[in-house]
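Tertiary structure, described
Here are the chains, one letter per residue:
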Amino acid sequence: MEKTKPFNIPKQRFVQAYKLVKANAGAAGVDNESLADFEKNLKDNLYKLWNRMSSGSYFPPAVKAVAIPKKSGGTRILGVPTVSDRIAQMVVKLEFEPEVEPHFLTDSYAYRPHKSALDAVGITRKRCWQYNWVLEFDIKGLFDNIPWDLLMKAVRKHCKTKWVTLYIERWLQAPMQQEDGTITLRTCGTPQGGVISPVLSNLFLHYVFDKWMQLYHPDIPWCRYADDGIAHCNTELQAKKLLKVLDYRFKECGLELHSSKTKIVYCKDSDRKGKYHNTSFDFLGYTFRPRKVKNSKKNTVFVSFTPAVSKTALKSMRATTRKFNWRNRTDLSINEIARRYNPVLNGWLYYYGRYQRSAMYAVWRHFNKTLIDWASRKYKRFRNRKTWSAKFLQGIAEREPRLFAHWRVGMQGAFA
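Presented here is a report on the structure given in the accompanying data block. (Residues numbered from 1 in each chain as written. Predicted model: local features only at pLDDT ≥ 70, side-chain atom pairs only at ≥ 80, totals over all residues. Heavy atoms only, no water.)

A word on helix α3 (residues 42-55)
The end-to-end C-alpha distance of α3 is 20 Å, a good match for the 20 Å that 14 residues give at a rise of 1.5 Å each. Considered for burial, the residues of α3 that qualify are N45, L46, L49, W50, M53 and S54. Projected down its long axis, α3 carries its buried residues within an arc of 155°, all on one side. Buried-residue contacts for α3 involve α1 (11-24), α2 (35-39), α4 (83-100) and α8 (162-173). Looking one or two places after α3, you find G56, whose phi comes out positive at around 85°. (Helix = DSSP H or I, 4+ residues; strand = E, 2+ residues; numbered from the N terminus. Expected span 1.5 Å × (residues − 1). Buried < 20%, exposed > 50% of the residue type's maximum accessible area, 1.4 Å probe, protein only. Arc of directions from axis to C-beta. Contact = heavy atoms within 4.5 Å.)

Some remarks on empty space enclosed by the protein
Scanning all chains against the criterion turns up 1 cavity of 30 Å³ or more. Every element with two or more residues in the lining of the largest cavity is listed here: α4 and α8. Classifying every residue of the lining of the largest cavity by side-chain character gives 6 nonpolar, 4 polar and 1 charged. (1 Å grid on protein atoms, 1.4 Å probe; cavity = no way out; pocket = protein on both sides within 12 Å on 5 of 7 lines; lining within 4 Å. Points joined across faces, edges and corners; volume = space filled by probe spheres on them. Nonpolar A, V, L, I, M, F, W, Y, C, P; charged D, E, K, R; others polar.)

Some words on the pattern of salt bridges
Within the structure shown, the criterion is met by 14 salt bridges. Here K240 and E236 are joined by a salt bridge, their closest N and O atoms 3.9 Å apart. Remark: E236 and K240 occur in helix α10 (residues 236-252); sequence separation between them is 4 residues, near one turn of the helix. Take K240: its relative accessible area is 47%, and that puts it in the partly exposed class. A salt bridge links R249 to E252; the nearest nitrogen and oxygen atoms lie 3.5 Å apart. Separated by 3 residues within a single helix, R249 and E252 lie in helix α10, roughly one turn from each other. (Salt bridge = Lys/Arg side-chain N within 4 Å of Asp/Glu carboxyl O.)

Describing the pairing of strand β7 (residues 228-233)
Counting buried positions along β7 gives 5 out of 6 residues, so the element sits mostly inside the fold. As paired strands, strand β3 (residues 133-138) and β7 are joined by 6 bridges and run antiparallel to one another. Within β7, the residue paired with V134 across the bridge is H232. Two strands pair when backbone bridges link them, and strand β6 (residues 222-225) and β7 are joined in this way by 4 bridges, in the antiparallel orientation. Residue Y225 lies in a different strand from β7, and its bridge partner there is D228. (Pairing = 2+ DSSP bridges.)

Focus: the environment of S116
If you trace the backbone, S116 turns up in the loop between α4 and α5 (117-130). Exposure remark for S116: the relative accessible area of 26% places this residue in the partly exposed category. With 191 residues separating them along the chain, S116 and P307 place their C-alpha atoms 16 Å apart. Filtering out sequence-adjacent residues up to four positions away, S116 remains in contact with Y109 and Y225.

What to know about the packing of helix α7 (residues 148-158) against α8
Relative to each other, α7 and α8 sit at 160°, their axes nearing to 11 Å. One element, α7, and the other, α8, form an angle in the roughly antiparallel class. Here the hand of the crossing between α7 and α8 comes out right-handed. Between α7 and α8, the residues in contact are W148, L151, M152, V155 and R156 and T165, I168, E169, L172 and Q173, respectively. Here the residues of the contact of α7 with α8 are counted per class, giving 6 nonpolar, 2 polar and 2 charged. (Axes fitted to C-alpha atoms, helices over the stretch in contact; angles between N-to-C directions. Parallel < 35°, antiparallel > 145°, perpendicular 65-115°, else oblique. Left-handed = near helix turned anticlockwise from the far one by under 90°.)

Observations concerning the packing of α7 against helix α9 (residues 197-216)
Two numbers describe how α7 lies on α9: the axes approach to 10 Å, and their chain directions differ by 95°. Taken as axis vectors, α7 and α9 run roughly perpendicular relative to one another. Here L150, L151, A154, V155, K157 and H158 of α7 lie close against α9, whose contacting residues are L200, L203, F204 and Y207.

Laid out in structure tokens, this is it:
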């Protein structure tokens, strides 16, 4: 007969957590154990994890430091937990998130059920038409700098379950193992890459920014996606005053605004006059700026402040295509390339094609040119004859217009 555990955590919760972690995939942690390795002895591994967490004897291992490139340049350090630790974090998240989620405000969009980055882009687009000025801000190193004492104060305010607060505190204090194997102790932050980290960062910013704006600046609409935020103002003076107090507010709570990514922008359109230094900003992969648009009903052209895919995102997408090296995959048929790459192309089309889809033309043309290079290498008759390769692919596109995701929206003709 099993002894009574200090903490009553249902065993079924670990099975549910494992399935969610598996769906998200992810790399191995410091123990180099992959999901496939963990699954070889799945039942025992889940039981051991349940046993240790239920008895209060679970202590998370160090997270693995992994540098990943940023779209804007430089690198970001992720703290990758082990597979078993990701499952443990998911168990806690399943218990903790329902406690805090109802308290979050409508205009917080990141890492939340039934909310997306496109929702944030959409509401920002609408408000840019209603307000003349925007304060765009970015928090420098959010995940690395959250003060533990303030965060745990918020955690305990909403959660009275002892084992949840116990393990959250232990995860905050887990060290980081560098690429050379050295162990670094941490004194603040919640590792970006952890399963529990997104909901913790949202909880922290709920009090630092969201609730603070609601209490002290209820007349200023805002939108936040993780560490990126937008506030809409009626005047430049109002935006400048908000920036000043916001800078103080974040410093007061252990955070800092990113100076090069924080600015005040004039949302210039046909009705808004005057010349100003900043008339554009980037938010969630979109560039918001004045653009000529057509009113189909009145058959007129006017300037509207609207979003379209950013140059940084376009550059990143072209880099992704080059990374797959399709032009040299002569071992594959065109149908195999379509099967493998369509999930990526569909993702781009769904996200970046939501607003001003024509701005994606450069990406589609780049991929079609890659196919031309592929055909020139695969078929001897097309070597050194790219024009023939283009005609060959154009013919395929006309016969099978749904073969590639972007062909379905009229980009078959981008072979010229």
